[in-house]
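# Tertiary structure, described
Read off the chains here:
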Amino acid sequence: MRRKVIAGNWKMNKLPNEAIEFMDSLAKLVKDTNNEVIICAPYTDLFYVLLQAQGTNIKVGAQNMHFEDNGAYTGEVSGEMLKAIGVEYVIIGHSERRQYFNETDETVNKKIKAAFKHELKPIVCVGETLEQREEGLANDIIRNQTKLALEGLSKEEVKGTIIAYEPIWAIGTGKTATSEDANNSIKEIRNEIESIYGKDVADEVIIQYGGSVKSKNAKELFETSDIDGGLVGGASLDPEEFSKIVNYDK
Ligand code: PGA
C-alpha cells in the first residue's frame, strides 16, 4: 500500500515570524496523522521552519534548487546547500518555474539527478495547459514530461521520486480537475513509468494531485485508486485549512 503524502507549497509567501507561527499551530493540528506532511517554504524561511519542525512529524522541503553544487550562479541555491541545513525534499519543475523562469525538461532532469546526489527527495511537477487539454494532447504531454524528467535515473531513484500531477489550468484558479479525471491522468503517468521501469516501480511511486486542493475536495480526490495525496498551494497558507487536508481521513 502506498502512503499518502500531503505537501504544502507556500510559493513566495510568509515572512519568518509568520512561518514560525504557522509551524507552531500546524504541529499541534497534525500530530496524530499517519499521512506524511511536508512544508515547502521559501529559502528565507527554511531555517526557521526546520527549527520549528524538530520533534514534530512535519518534514521540510524547498521549492527549487540549482543543478550545480556551487559556482558563479548569482542568486541560485544548490542541492548541497539545502542538504547542509537539513532540508529533506525539494520541488522541481513546478509549472510556475517552467512558465516564468525558463525551466525546461532538460533542467528538470538535471536538477532531479543533483537532488539524488545530495540525498534530497524530489517532488517533480508535470501537467498540461488548458489549450493542450482541449486539443486532446494532455496524456501525451504528461507522459512525455514524466519520461524526460526521469531519464537516466535508476529504478530505486524513480521509486524515491514523488510526482505531482498539476494541470496548469487548475492551479490557483479554484478549478479542480474532477477526481475521476485527475485519477485517470495519474494512471497515465503510472503507465508511462511502468512501460519504462516496470510494474514494481510504477506500483510504488507516489503520485500526488495538485491544483486547487482544499479541505472540501481533498477526501474525494485522495480516496481514488491512484492519487497518493496532494501538492497544495493556496490552501497550505492557513494551518487550520491545511491540517483539514492532511487529516482528510479522520
Ligand atoms: P493551488 O497551487 O493549490 O493554489 O492551486 C498548487 C500548486 O501550484 O502547487
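Heads up: the structure comes first, above all this text.
Notes on the structure in this doc start here. The structure presented is a predicted model; accordingly, all values stated were derived computationally and were not measured.

## Considering helix α2 (residues 43-53)
- Of all the residues in α2, the buried ones are Asp 45, Leu 46, Val 49, Leu 50 and Ala 53. Projected down its long axis, α2 shows its buried positions confined to an angular sector of 140 degrees, all on one face.

## Description of the sheet that holds strand β6 (residues 162-165)
- Strand order in this closed barrel of eight strands is β1-β2-β3-β4-β5-β6-β7-β8, and the pairing throughout is parallel. Direction aside, the axes of adjacent strands within the sheet are offset by 25 degrees on average.
- Sheet topology note: the strand β5 (residues 121-126)/β6 ladder contains four bridges and is parallel. Residue pairing in the sheet places Val 124 in a bridge with Ile 163 of β6.

## As for the pairing of strand β2 (residues 36-40)
- Among the five residues in β2, five count as buried, and that is most of the element.
- What you see with β2 is no split at all: Glu 36, Ile 38 and Cys 40 on one side and Val 37 and Ile 39 on the other are buried throughout.
- Across five bridges, strand β1 (residues 5-9) lies against β2 in parallel orientation. By the bridge assignment for β2, Asn 9 is matched with Cys 40.
- Handedness of the crossover joining β1 and β2 through helix α1 (residues 16-29) is recorded here as right-handed.
- Inspection of the sheet shows β2 paired to strand β3 (residues 58-62) by four bridges, in the parallel sense. When the bridges of β3 are listed, Ile 39 appears paired with Val 60.
- The parallel pair β2 and β3, bridged by α2, forms a crossover whose chirality is right-handed.

## A few points about the packing of aromatic side chains
- Following the criterion strictly, the structure yields five aromatic pairs and no others.
- The interplanar angle of 80 degrees and the centroid separation of 6.4 Å between the aromatic rings of Phe 47 and Tyr 48 together place this pair among those described as edge-to-face.
- Of the residues examined, Tyr 48 reaches a relative accessible area of 35% and is grouped as partly exposed.
- Measuring from ring centre to ring centre gives 5.1 Å for Phe 222 and Tyr 248, while their planes differ by 90 degrees; the resulting arrangement is edge-to-face.

## What to know about the site of the ligand
- Taken together, 13 residues surround the ligand, and among them Lys 11, His 94, Glu 166, Gly 172 and Ser 212 come closest.
- Gly 172 is positioned with one of its backbone polar atoms (N or O) 2.6 Å from an oxygen atom of the ligand.
- Here Ser 212 contributes a backbone N or O atom positioned 2.8 Å from an oxygen atom of the ligand.
- Out of a free accessible area of 280 Å², the ligand has 96% covered by protein chains.
- Its residues placed into classes, the shell around the ligand shows four nonpolar, seven polar and two charged.

## Points about the environment of Lys 187
- Within the secondary structure, Lys 187 is located in helix α9 (residues 179-197).
- Note on Lys 187: relative accessible area 34%, which makes it partly exposed.
- It is 6.4 Å that separates the C-alpha atoms of Lys 187 and Asp 226, two residues lying 39 residues apart in sequence.

## Here's the deal with unusual backbone geometry
- Phi is positive for Lys 14, close to 85 degrees, though the residue is something other than glycine.
- Assignment of secondary structure puts Lys 14 in the loop between β1 and α1.
- If you check the backbone angles, Asn 102 has positive phi at about 55 degrees while not being a glycine.
- Its place among the elements puts Asn 102 in the loop between α4 (95-100) and α5 (105-117).

About the cut-offs
- Residues numbered from 1 in each chain as written.
- Predicted model: local features only at pLDDT ≥ 70, side-chain atom pairs only at ≥ 80, totals over all residues.
- Heavy atoms only, no water.
- Buried < 20%, exposed > 50% of the residue type's maximum accessible area, 1.4 Å probe, protein only.
- Helix = DSSP H or I, 4+ residues; strand = E, 2+ residues; numbered from the N terminus.
- Arc of directions from axis to C-beta.
- Pairing = 2+ DSSP bridges.
- Axes fitted to C-alpha atoms, helices over the stretch in contact; angles between N-to-C directions.
- Right-handed = clockwise from strand over helix to strand, strands pointing away.
- Phe/Tyr/Trp six-rings, centres within 6.5 Å; stacked < 30°, edge-to-face > 60°.
- Near = heavy atom within 4 Å.
- Polar contact = N/O pair within 3.5 Å; in protein donor to acceptor, adjacent residues only side chain to side chain.
- Areas by Shrake-Rupley, 256 points an atom, 1.4 Å probe, with all protein chains shown as cover.
- Nonpolar A, V, L, I, M, F, W, Y, C, P; charged D, E, K, R; others polar.

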